[in-house]
Structures are given as C-alpha cells and as structure tokens.
Amino acid sequence: MAKIIVVTSGKGGVGKTTSSAAIGTGLALAGKKTVIVDFDIGLRNLDLIMGCERRVVYDFVNVINGEANLKQTLIKDKRVDNLFILPASQTRDKDALTKEGVERVLNELSAEFDFIICDSPAGIESGAMMALYFADEAVVVTNPEVSSVRDSDRILGMLSSKSRRAEQGLEGIKEHLLLTRYNPERVLKGEMLSVEDVKEILAIELVGVIPESQAVLNASNSGQPVILDEESDAGQAYLDTVKRLLGEAVPFRFLTVEKKGFIKRLFGG
C-alpha cells in the first residue's frame, strides 16, 4: 500500500507545485516508485513544472469518469525511473472530483506505488479538501510572512478535523512544515519571520527550509524539478527535505547569513 502525502497550504503562490514536483522526484531518486497527482482542476501547472505538458492526452477527471484508464493517463518521467505524473484537467471545474471517484483512483494507484504525492490547490475549497481527505501525511508549505503562516494555521485545523482519518477516529495525519523562500538576511532586517517564529506559531515538525533562490524560477521555466539542480542551494535543500521525510536525521542548512570570505569582501561579491 502506498503512503499518501498531500502538499498543501492556505495561501496561493507559496511554492506548492514546485515542492510537490521536487519531493516526488526526490522520492523516486531514492528508489521509491512515486506518482504525483495534480488536484488543481481547471488550472493545471504540475505538467509545466515537470516538463511534460505536451504529453498530456488524458487527465485525472477522465479516469474518474471512466473515459480513460490509468495506464493511458499516467505520464512516465523521462529523466527519473519510478516517477509518474497524473495530470489535472484544464477544462473542468473542481466539482468534477467526487470522493468516490478519487478514492477509487487512489486505491488503484496504491496497489502499484510506494508514494502518492497529492499536489493540492491553495485554500479550503473543494479541490483542496479532496486532496487532503485521504492523506496519511501532509507537507504544509508556507512562506515566512504573517498572512501565509496564518492561512497555514487554518489548513492545520482542516487536516485535524476534515480528513478520513479524523472521521474514522484513527491516528491523525502526520504534519510536516516546509518553509519556502527563506532569506536569512531579510530575517535579520526584520522583513521576514524567522524559522523559530514560524515553528512557534504552527507548532508542527519542521521538515525543510528552502532558501529564496533564482534556481527555483530557472527550473520552473525550463520544465525541470529544481531538486535535479544539485548545484543549487534550493536543490540541495529539497534533497535534505526528502531524506527527512524518509526518516533520516539531516542537519538544516541555509538558515544563517553566509559569511563572505576576504576576497568577496574586498571586491564586494
């Protein structure tokens, strides 16, 4: 049976799809057979981040409606073994996702995969609730600013009360905090919340801190998950995050201002 992980947030634009792509790719790189499912019906960005938009023929809603099967619909990544994408529909609305239909598809995927990563829409509308309902674990993505953290706090309330696990009285969804676009220089200037500030407000386990990085935008524009850019600080931070999700104890990096060496100070680098 697969472990189902929802990547969620209260606020849009915090890096959920980027994180879903990176985490899914990282799990596949670690030898885990992984599928990333795009729950953002009507918008669909996961295929762009993964660089497979021209290969989409059928989508998640087609499978739910019985218009296509998973074998026809799943897109196998060309760069990483064990990695597949289930794209969302661009032409339907979020009501096309039914609880029964989603459960049927997830059960079918669970028989074949080690991990199912659910890329959730932002907020608390029906698509987001559907993405988190069946989850075993949740990666709550937030930026280090007050409105993003407040919205994430609301999502935590939904995770503890609106999931299948909550309804059945089972152990709750395991929650992980992923802090994105972190800039320690801006934290020192008081322009951004610190890691400790966010941890204190949300009170859940920190699984990753992704630094603010041009590499993320470059990767998105080139249709490549940033975790494949192992030279970049963001790519390294996502690799660390995946290791922690798999139970490894990995120290956190990129939390402090980098001290410039003598040459860099001399030339203003």
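See the structure above.
What comes next is a walk through the structure. (Residues numbered from 1 in each chain as written. Predicted model: local features only at pLDDT ≥ 70, side-chain atom pairs only at ≥ 80, totals over all residues. Heavy atoms only, no water.)

### Re the pattern of salt bridges
Right, so step 1: Per the stated rule, a full pass over the model turns up 12 salt bridges.
Right, so step 2: One salt bridge connects Arg186 with Glu191, and the closest N-O pair in it is separated by 3.3 Å.
Right, so step 3: Note that Arg186 and Glu212 form a salt bridge whose closest N and O atoms lie 3.7 Å from each other. Within this pair, whereas Arg186 is found in helix α9 (residues 184–188), its partner Glu212 is found in the loop between β8 (205–211) and α11 (214–221), the two being separated by 26 residues in sequence.
Right, so step 4: With relative accessibility at 38%, the residue Glu212 sits in the partly exposed group.
Right, so step 5: A single salt-bridge network, built from bridges that share partners, covers Arg186, Glu191 and Glu212. (Salt bridge = Lys/Arg side-chain N within 4 Å of Asp/Glu carboxyl O. Helix = DSSP H or I, 4+ residues; strand = E, 2+ residues; numbered from the N terminus. Buried < 20%, exposed > 50% of the residue type's maximum accessible area, 1.4 Å probe, protein only.)

### Some remarks on the state of the cysteines
Disulfides are covalent bonds that link the sulfur atoms of two cysteine residues.
Right, so step 1: All chains considered together, the criterion is met by zero disulfides.
Right, so step 2: Here Cys52 is not cross-linked by a disulfide; its sulfur's nearest cysteine counterpart is in Cys118, at 16 Å.
Right, so step 3: The class of Cys118 is buried, set by a relative accessible area of 1%. (Disulfide = S-S within 2.5 Å.)

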